[in-house]
Amino acid sequence: RTAAAAAPCSAAMEVRLEACDTQVTRAMPQDLYVSVHVGGIQKLARLHDGKPKTFLFPDGKDAGVGRIQLYQLVGEVQAPLGETPRELQISLDGADAECVGLRLSASPASAAATTDRAAQKARRKRERLGEAQKYIAEHHLEELLASSLRDAMRDQPRDPAAFLSGQILTKKEQKRERSVLAPLKKPPTPPHAALDALAVPQADQDAALEPRPLA
């Protein structure tokens, strides 16, 4: 049985949990566990002892949200990993089903499997990197940040963070205005079109050459 709640994780690599109420902590079931899931990694610890729990996540800085779950133990069994495959029957406490049957098999991972997993991990990393680079290129983020940094180094403001945020917003507004005004601009007239506009029509030239009677 699980109870899940989404908790914000502000680019932290260390997550700490401690009880808010000692009375509630003492009343917790003895088989209660807390799970913290951040950045694709899940860690589990007993909760009933009331002690603060600290979890380290090497890649936690890339996660925006951590998932906190409470688990209650409903069944367990010890199984020798050297004697597999074998079937296991796990009795359940306080559940509708009396037991759960599982088939267990354990063996050393082959070199090919290890290499394949490493290749899959590298491929996923390349895909994420490619998506990030595509996003940066689509929104011209590199150019925007570089220009704002040049302005900050030139002006050396007292509050560089506020200055940079203001520069980014200003450049964004300027870009939006340029995109709105660009279609309204009249395209330049080609040189040959300008000469054609200055040319005198042939009919007017003939009329100018005709003799006129003297008054």
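Presented here is an overview of the structure given in this document. Throughout this document, residue positions are counted from 1 along each chain, in the order its sequence is written. Given that the model is predicted, a residue must reach a pLDDT of at least 70 before its local features are reported, and side-chain atom pairs must reach 80 or more before they are shown or counted; all residues, however, enter totals for whole chains, interfaces and linings. Just so you know, side-chain values use all the structure's heavy atoms and leave hydrogens and water out.

### Notes on helix 3 (residues 141-155)
An α-helix turns once per 3.6 residues; consequently, residues spaced three or four apart project the same way. Each helix corresponds to a stretch of at least 4 residues labelled H or I by DSSP, and each strand to a stretch of at least 2 residues labelled E; elements are numbered beginning at the N terminus. What a helix is expected to span follows from its residue count: subtract one and scale by 1.5 Å. End to end, helix 3 covers 21 Å across 15 residues, agreeing with the expected 21 Å (1.5 Å per residue, within 8%). Burial classes: relative accessible area under 20% of the type maximum marks a residue as buried, over 50% as exposed, and values in between as partly exposed (1.4 Å probe, protein chains only). Along helix 3, the residues classified as buried are Ser147, Ser148, Asp151 and Ala152. Projection of helix 3 onto a plane perpendicular to its axis shows the buried side chains occupying an angular sector of 140°, all on one side. Helix 3 presents Glu142, Glu143, Arg150, Met153 and Arg154 as exposed residues on the side facing more than 90 degrees away from its buried surface. Phi turns positive, to about 50°, at glutamine 156, one or two residues after helix 3. Directions from the helix axis toward the C-beta atoms define the arc.

### A word on the environment of leucine 141
As for its position among the elements, leucine 141 is in helix 3. Among the residues examined, leucine 141 registers a relative accessible area of 26% and is labelled partly exposed. In this structure the C-alpha to C-alpha distance between leucine 141 and isoleucine 168, which are 27 residues apart in sequence, comes to 9.8 Å. In what follows, residue pairs with any heavy atoms lying within 4.5 Å of each other are defined as contacts. Those residues in contact with leucine 141 that sit more than four places away from it in its chain are Tyr135 and Ile136.

### Remarks on the environment of histidine 37
Topologically, histidine 37 is positioned in strand 3 (residues 32-38). The exposure class assigned to histidine 37 is partly exposed, which follows from its relative accessible area of 32%. On a C-alpha basis, the gap between histidine 37 and valine 65 in space is 8.9 Å, while along the polypeptide they are 28 residues apart. If near-sequence neighbours (up to four positions away) are discounted, histidine 37 is found in contact with Gln42, Val65, Gly66 and Arg67.

### Quick word on the pattern of salt bridges
Put simply, a salt bridge is a Lys or Arg side-chain nitrogen that is within 4 Å of an Asp or Glu carboxyl oxygen. This model, assessed by the stated rule, comprises five salt bridges. The shortest N-O distance in the salt bridge between arginine 154 and aspartate 151 comes to 3.4 Å. Of the two residues, arginine 154 and aspartate 151 both sit in helix 3, three residues apart, roughly one turn of that helix. A relative accessible area of 10% means that aspartate 151 is categorised as buried. Arginine 154 is paired through a salt bridge with aspartate 155; the nearest N and O atoms lie 2.9 Å apart. A relative accessible area of 58% means that arginine 154 is categorised as exposed. A relative accessible area of 42% places aspartate 155 in the partly exposed class. Residues joined by salt bridges that share partners form a network here, namely Asp151, Arg154, Asp155 and Lys171.

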